[in-house]
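Descriptive structure summary
The residues making up each chain are set out below.
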Amino acid sequence: MKTVLITGATSGIGLGCARKFAENGDRVILTGRNAEKLEAIRQDLSAKGTEVLTLTFDVRDRNAAQKAIEDLPAEWQQIDVLVNNAGLALGMEPEYEGNLDDWETVIDTNIKGLLTMTRLIVPDMVRRDSGHIINIGSVAGDAAYAGGNVYCASKAAVKALSDGLRIDVANTAVRVTNLKPGLVETNFSNVRFRGDTDRAAKLYQGIKPLTGDDIADVAVYAANAPAHVQIAEVLILATHQASGSVIVRK
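This write-up is about the structure you can find in this document. Predicted, not measured: the structure shown is a model, and the values here were computed from it.

Quick look at the nonpolar core now. Within the largest apolar cluster, 36 residues are counted, with the highest numbers of intra-cluster contacts made by Ile6, Phe21, Leu30, Val83 and Ile134. Residue assignment for this core shows that the elements contributing at least two residues are strand S1 (3-6), helix H1 (12-23), strand S2 (27-32), helix H2 (35-47), strand S4 (81-84), strand S5 (132-136), helix H8 (212-223) and strand S7 (233-236). Discounting chain neighbours no more than four positions away, the residues touching Val83 are Val4, Leu5, Ile6, Thr7, Cys17, Phe21, Ile134 and Ile136. Within the second largest apolar cluster, 23 residues are counted, among which are Leu55, Phe57, Ala68 and Leu165.

Structure (structure tokens):
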């Protein structure tokens, strides 16, 4: 049984990871900004026999994140798997018309939040010579698409940070995985389009998209690979998606 910490665990890929790791027999630490959602998930998983601890904070708030990790009960302090999932996109304006506040939110969440959690948790993994970091990147990190600009840049940073960390811990048994999903039907697009559900729904029309559970399945597989096997990077696409910008709708 592993102790798995998942950021952004209240929906989408994060929630899928919470459920799939729980099904795998692991215990989970779930973080997010919405205490009510976290509590509902805790009750659901606990009723099925999973040990669950919830932490309410925003990964953009470095001080809150640090306090939450430092205040972990002794029996929860050894984290075996860190899933850096918290992330978002806002808007699809051309780069020259982008909203500076939106950019700051995306960068602070997708890059700086990931770095904060990595810095807080990985040193103990290195000391123990054991652990696994699973970063949720994106196909968007491989190549920019129209309107993606800063979001694509943030996911390119996740790839670079994953690669850099893997180099930094290569002298240890700590493993680093970068998962790069394509089209996943979650509330991601609703957030990006600020609650415009019709616009969000159109993104998934004509194609069967991935689900949060699909990505979580790969995360659980990577975490449970033999100790000598490091799943460094996985690109996960819907069957009729070829890249971040090539989607065949039927």
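Let's shift gears to helix H3 (residues 62-70). It helps to recall that an α-helix has 3.6 residues per turn; residues three or four apart then point in one direction. Among the residues making up H3, those that are buried are Ala65, Ala68 and Ile69. For H3, the arc enclosing every buried residue in end-on projection is 95 degrees, short of the 170-degree limit, so these residues lie on one face. Away from the buried face of H3 by more than 90 degrees, exposed residues Asn63, Lys67 and Glu70 are located. The inward-facing, buried residues of H3 contact S1, strand S3 (52-56) and helix H4 (100-128).

Let's shift gears to the pattern of salt bridges. On inspection of all chains with the given rule, the structure shows 17 salt bridges. Between Arg127 and Asp124 there is a salt bridge whose closest N-O contact spans 3.9 Å. Of this pair, Arg127 and Asp124 both sit in helix H4, separated by three residues, roughly a single helical turn. When its relative accessible area of 65% is taken as the criterion, Arg127 is described as exposed. A relative accessible area of 25% means that Asp124 is categorised as partly exposed. For the salt bridge of Arg128 with Asp124, the shortest nitrogen-to-oxygen distance reads 2.9 Å. Linking Arg128 with Asp124, this pair stays in helix H4, spanning four residues, or about one helical turn. A relative accessible area of 22% places Arg128 in the partly exposed class.

Here strand S6 (residues 175-181) lies mainly inside the structure; seven of its seven residues are buried. Of the two faces of S6, both are covered, the one formed by Arg175, Thr177, Leu179 and Pro181 as well as the one formed by Val176, Asn178 and Lys180. The pairing of S5 with S6 spans five bridges and is classified as parallel. Paired with Ile136 across the bridge in S6 is Leu179. Between S5 and its parallel partner S6, the chain crosses via helix H5 (residues 149-168), and the hand of that crossover is right-handed. Pairing geometry for S6 and S7, over four bridges, is parallel.

On to the packing of aromatic side chains. Summed over all chains, the structure comprises one aromatic pair. In this arrangement the basic side chain of Arg27 is found over the ring face of Trp76, its NZ or CZ atom lying 4.1 Å from the centre.

Now for the sheet that holds S7. Pairing in this open sheet of seven strands is parallel, and the strands run S3-S2-S1-S4-S5-S6-S7 from one edge to the other. Strands with a single pairing partner mark the edges of an open sheet, and in this sheet they are S3 and S7. Averaged over all pairs of adjacent strands, the angle between their axes in this sheet comes to 15 degrees, without regard to strand direction. The pairing of S1 with S2 spans four bridges and is parallel. When the bridges of S2 are listed, Ile6 appears paired with Leu30. Contacts between H1 and the sheet are confined to S1, S2, S4, S5 and S6, with S1 contributing the most and set at about 170 degrees to the helix. Strand contacts of H5: S5, S6 and S7, with the helix running at about 160 degrees to S6, the strand carrying the most contacts.

This next bit is on the environment of Asn149. You can see Asn149 is positioned in helix H5. Sequence-distant contacts of Asn149, defined by excluding residues within four places in its chain, comprise Glu93, Pro94, Glu95 and Trp103.

This part takes up the side chain of Asp26. Mapped onto the elements, Asp26 comes out in the loop between H1 and S2. Although Asp26 is buried, it makes no salt bridge; Lys2 carries the closest opposite charge, 5.2 Å away. At a separation of 2.9 Å, a polar atom in the side chain of Asp26 contacts the main-chain amide nitrogen of Lys2. Not counting the four nearest positions on each side in its chain, Asp26 is found in contact with Met1, Lys2, Val4, Phe21 and Thr50.

Conventions adopted
- Residues numbered from 1 in each chain as written.
- Predicted model: local features only at pLDDT ≥ 70, side-chain atom pairs only at ≥ 80, totals over all residues.
- Heavy atoms only, no water.
- Core = buried A, V, L, I, M, F, W, Y, C linked by side-chain atoms within 4.5 Å.
- Buried < 20%, exposed > 50% of the residue type's maximum accessible area, 1.4 Å probe, protein only.
- Helix = DSSP H or I, 4+ residues; strand = E, 2+ residues; numbered from the N terminus.
- Contact = heavy atoms within 4.5 Å.
- Arc of directions from axis to C-beta.
- Salt bridge = Lys/Arg side-chain N within 4 Å of Asp/Glu carboxyl O.
- Pairing = 2+ DSSP bridges.
- Right-handed = clockwise from strand over helix to strand, strands pointing away.
- Phe/Tyr/Trp six-rings, centres within 6.5 Å; stacked < 30°, edge-to-face > 60°.
- Lys NZ or Arg CZ within 6 Å of the ring centre and 35° of its normal.
- Axes fitted to C-alpha atoms, helices over the stretch in contact; angles between N-to-C directions.
- Lys, Arg positive; Asp, Glu negative; His and termini not counted.
- Polar contact = N/O pair within 3.5 Å; in protein donor to acceptor, adjacent residues only side chain to side chain.

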